[in-house]
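Listed below, chain by chain, are the residues.
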Amino acid sequence: FPFGRRLPCDIYWHGVSFHDNNIFSGQVNKFPGMMETVRKITLSRAMRTMQDLFPLEYNFYPRSWILPEELPLFMAEVRMMKDSNPSWKPTFIVKPDGGCQGDGIYLIKDPSDIRLTGSIQSRPAVVQEYICKPLLVDKMKFDIRLYVLLKSLEPLEIYIAKDGLSRFCTEPYQEPTLKNLHQVFMHLTNYSLNIHSGNFIHSDSANTGSKRTFSSILCRLSSRGADVKKLWSDIISLVIKTIIALTPELKVYYQSDIPAGKPGPTCFQILGFDILLMKNLKPVLLEVNANPSMRIEHEQELSPGVFENVPSPVDEKVKVAVIRDTLRLVDPQKKKRKDTQMSTTPWCVGGGMRMSSEVLPRPTPCAILCCRCQSSEPEASAAPPSPEAALPSLCLKQVFPKYAKHFSYLRLVDRVAALFIHFLGVKGTTKLGPTGFRTFIRNCKLSNSNFSMAAVDILYIDITRRWNSMGIDHKESGMCLQAFVEAFFCLAQKKYKSLPLHEQVASLIELCECRLAALRGKRLVWGCG
Ligand code: ADP
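Residues numbered from 1 in each chain as written. Predicted model: local features only at pLDDT ≥ 70, side-chain atom pairs only at ≥ 80, totals over all residues. Heavy atoms only, no water.

**A word on the side chain of Asp325**
Spelled out, the test is: A helix here means a DSSP run of H or I that spans at least four residues, while a strand means a run of E at least two residues long, and both kinds are numbered starting from the N terminus. Burial here depends on accessible area, computed with a 1.4 Å probe over protein chains only, as a share of the maximum for the residue type. Under 20% is buried, over 50% is exposed, and the range in between is partly exposed. Contacts described as polar in this section are N or O atom pairs within 3.5 Å, which, within protein, must combine one atom able to donate a hydrogen with one able to accept it, while residues neighboring in sequence count only if both atoms come from side chains. By definition in these notes, contact holds between two residues if any of their heavy atoms fall within 4.5 Å.
By secondary structure assignment, the location of Asp325 is in helix α8 (residues 313-330). Look at Asp325 and you get buried, because its relative accessible area is 0%. Only 2.8 Å separates the side chain of Asp325 from the side chain of Arg328, close enough to count as a polar contact. A polar atom in the side chain of Asp325 sits 2.6 Å from the backbone nitrogen of Cys395. Excluding residues that lie within four positions of it along the chain, Asp325 makes contacts with Ser393, Leu394, Cys395 and Leu396.

Written out as structure tokens, the structure is:
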């Protein structure tokens, strides 16, 4: 309804962002701030924070540096690593921030090859370790596009589609050398690039051609004896951990656009996860797309300059199921009844394969049944047939809160964000002013003879100035969440010197939460008095 509608809707389906229309009720398919949060630089920063806290758990994201500000750091670190291991011959991939479809991406062998002329100042970028040994199928590099439904932020609810797409390069892969670095059809898996290669194969079959279903790859790997259960388990962990890294920032945007107590819609969003498999089957996160393409047809050039839209059965198979089941999950009429039934919905991957029990718990007997064996809607025999009875079983599998207890220890930055939001004060802002920061220090009793309020002000000014000079968001002045997280880590390191970082941070969070709870208790008593 581009020109508005008098009656409110249950569900709004926006094309680009939360702000496409002003809405005050119902549900909308975009979270505020999602596009900003998954941009290459912001994602890399969020991942870096998690890698600082939990290096092993977050080693699925390639080591990355942000340009231009971390260029000296990038050069120094690479030099150091090369000195300590002279046989290390790395390749790096430079990706412009906010770019998509492979736009502006190039490979380099040495930090000095970064193209500093022209656009780098105006177009910040991420430079990343290039994964040189990807898994190949039919000699080609490919990546996986998986669809993930973030159904709710608070409480966190995540679903993963049981099938995705595999997008293939169109030139046989060779490890990067100075000679082949520029060959995009060999190194970049983007559909939008490879479609222009003469070797691109459109296929109506799910397991041949340049775009296939992920389940067809899994079947192939399984027949070669690969442990696909472990692979699925690793992918689920990767998705949950990535969303855990993104939620703090999303919560700041959320409270700013939909302040607690004010009327507003609730949000859900389909995300596109781009994942590369290494030769040893380890999944690596490439990026997260806030607006994954949901096209189910492709353009075909019939004669020079004459194009026709042709259905793409592989896209249709995967994407229609994702949208249909997203609507089923958020359907307000059925929500209550569904929530109880969904927890028992059977689900499996690629013809009866079970989900891994290596990292995640062994699925319950009903969860390992093949989805084709049962209806997704086990109905009481006396109940009238549900209109959904004719629909296929759900392709979306709940992974959070289902596996929450395996991942909750990672949610430290979420708790730091909760403190940040608590002290933001004025509704509608995303940045903390100096008074808010002082109140945080005072209420949590973090200042003492070794850390005066003057030192608090200096810390605030130093960190805030540095973050604001990186030029991410000039709209508001003050301390952004990442700057607050940096200040918080700094305070934690000061206070709990000898512990590992994640324990220092956890200890300071607990201290702050306790002191704030005590303060709230006192205020309540005073209120009653
Ligand atoms: P874009 O948003 O422009 O598509 P991506 O981050 O998805 O940017 O990168 C484009 C392509 O480059 C990916 O699909 C993948 O084939 C390749 N690629 C990206 N990062 C890496 C990496 N670290 N190692 C190996 N290949 C990569």
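**Examining the packing of helix α2 (residues 40-53) against helix α7 (residues 228-257)**
For clarity, the threshold we go by: Axis angles are defined between N-to-C directions and span 0 to 180 degrees, where every axis is a line fitted to C-alpha atoms and, for a helix, only to the segment in contact. In these notes the angle categories are as follows: under 35 degrees is roughly parallel, over 145 is roughly antiparallel, 65 to 115 is roughly perpendicular, and the rest is oblique. In this count, Pro and Cys sit with the nonpolar residues alongside Ala, Val, Leu, Ile, Met, Phe, Trp and Tyr, while Asp, Glu, Lys and Arg are called charged and the others, Gly among them, polar.
Taken N-terminus to C-terminus, the directions of α2 and α7 make an angle of 105 degrees; their axes are 9 Å apart at the nearest point. If you check the angle between α2 and α7, you find them roughly perpendicular. Contacts from Leu43, Ala46, Met47 and Met50 in α2 reach Thr242, Ile244, Ala245 and Leu246 in α7. The residue makeup of the contact of α2 with α7, split by class, is 7 nonpolar, 1 polar and no charged.

**Overview of helix α14 (residues 481-495)**
To be explicit about the condition: By this rule, a helix spans an expected 1.5 Å times one less than how many residues it contains.
Helix length check: α14 (15 residues) gives 21 Å between terminal C-alpha atoms against 21 Å at 1.5 Å per residue, within 8%. Along α14, the residues that are buried comprise Leu481, Gln482, Ala483, Phe484, Val485, Ala487, Phe488, Phe489, Leu491 and Ala492.

**Some details on the sheet that holds strand β5 (residues 106-108)**
The test is simple: One bridge is not enough; two strands pair if DSSP finds at least two bridges between them.
Taken in spatial order, the 4 strands make up an open sheet running β3-β6-β4-β5, and their pairing is antiparallel. The open sheet has two edge strands with one neighbour each: β3 (64-67) and β5. In this sheet, neighbouring strand axes are inclined to one another by 25 degrees on average, regardless of whether the strands run parallel or antiparallel. Relative to strand β6 (residues 125-129), strand β4 (residues 92-96) runs antiparallel, the two sharing 5 bridges.

**Some remarks on helix α3 (residues 71-84)**
Between the first and last C-alpha of α3 there are 20 Å, a value that for 14 residues agrees with the 20 Å anticipated at 1.5 Å per step. Buried-residue contacts for α3 involve β3, β4 and β6.

**Focus on the confidence of the model for the chain**
To be explicit about the condition: Every residue gets a pLDDT, meaning the predictor's confidence in that residue, from 0 to 100.
Here the chain shows a mean pLDDT of 87. Residues at 70 or above account for 86%. In the predicted structure, residues 343-359 sits below a pLDDT of 50 and forms 52 contacts with residues beyond four places in sequence or in another chain. Within the model, pLDDT remains below 50 along residues 361-381, and this stretch shows 39 contacts once partners closer than five positions in the same chain are excluded.

**A short note on the site of the ligand**
The condition that has to hold: The criterion for a residue being near a molecule or strand is simple. One of its heavy atoms has to lie within 4 Å of it. Residue ranges labeled as domains rest on an automatic or database domain assignment.
Taken together, the neighbourhood of the ligand is formed by 23 residues, with Lys95, Gly102, Thr189, Asn190 and Glu287 sitting nearest. Within the side chain of Lys40, an N or O atom sits 2.9 Å from an oxygen atom of the ligand. Between the ligand and the protein, one listed contact pairs an oxygen atom with a backbone N or O atom of Gly102 at 2.7 Å. Elements with a contribution of two residues or more to the shell around the ligand: β4, β6, β8 (140-152) and β14 (283-289). Split by residue class, the shell around the ligand holds 9 nonpolar, 7 polar and 7 charged. Each of domain 1 (1-36 + 132-335 + 393-406) and domain 2 (63-130) accounts for three or more of the residues forming the shell around the ligand.

**Here we look at the packing of aromatic side chains**
Using the following cut-off: Planes of paired rings set the category: under 30 degrees apart is stacked, over 60 is edge-to-face and the rest tilted, where pairs are Phe, Tyr or Trp rings (Trp by its six-membered ring) whose centres lie within 6.5 Å.
Following the criterion strictly, the structure yields 19 aromatic pairs and no others. Measuring from centroid to centroid gives 5.1 Å for Phe142 and Phe168, while their planes differ by 20 degrees, and the two rings are stacked. Of this pair, Phe142 sits in strand β8 while Phe168 sits in strand β10 (residues 165-168), placing them 26 residues apart in sequence. The pair formed by Phe142 and Phe168 is uniform in burial state, with each residue classed as buried. On the basis of an interplanar angle of 45 degrees and a centroid distance of 5.8 Å, the ring pair of Phe437 and Phe440 is categorised as tilted. Here Phe440 and Phe437 lie together in helix α12 (residues 434-443), a separation of 3 residues that amounts to about one turn.

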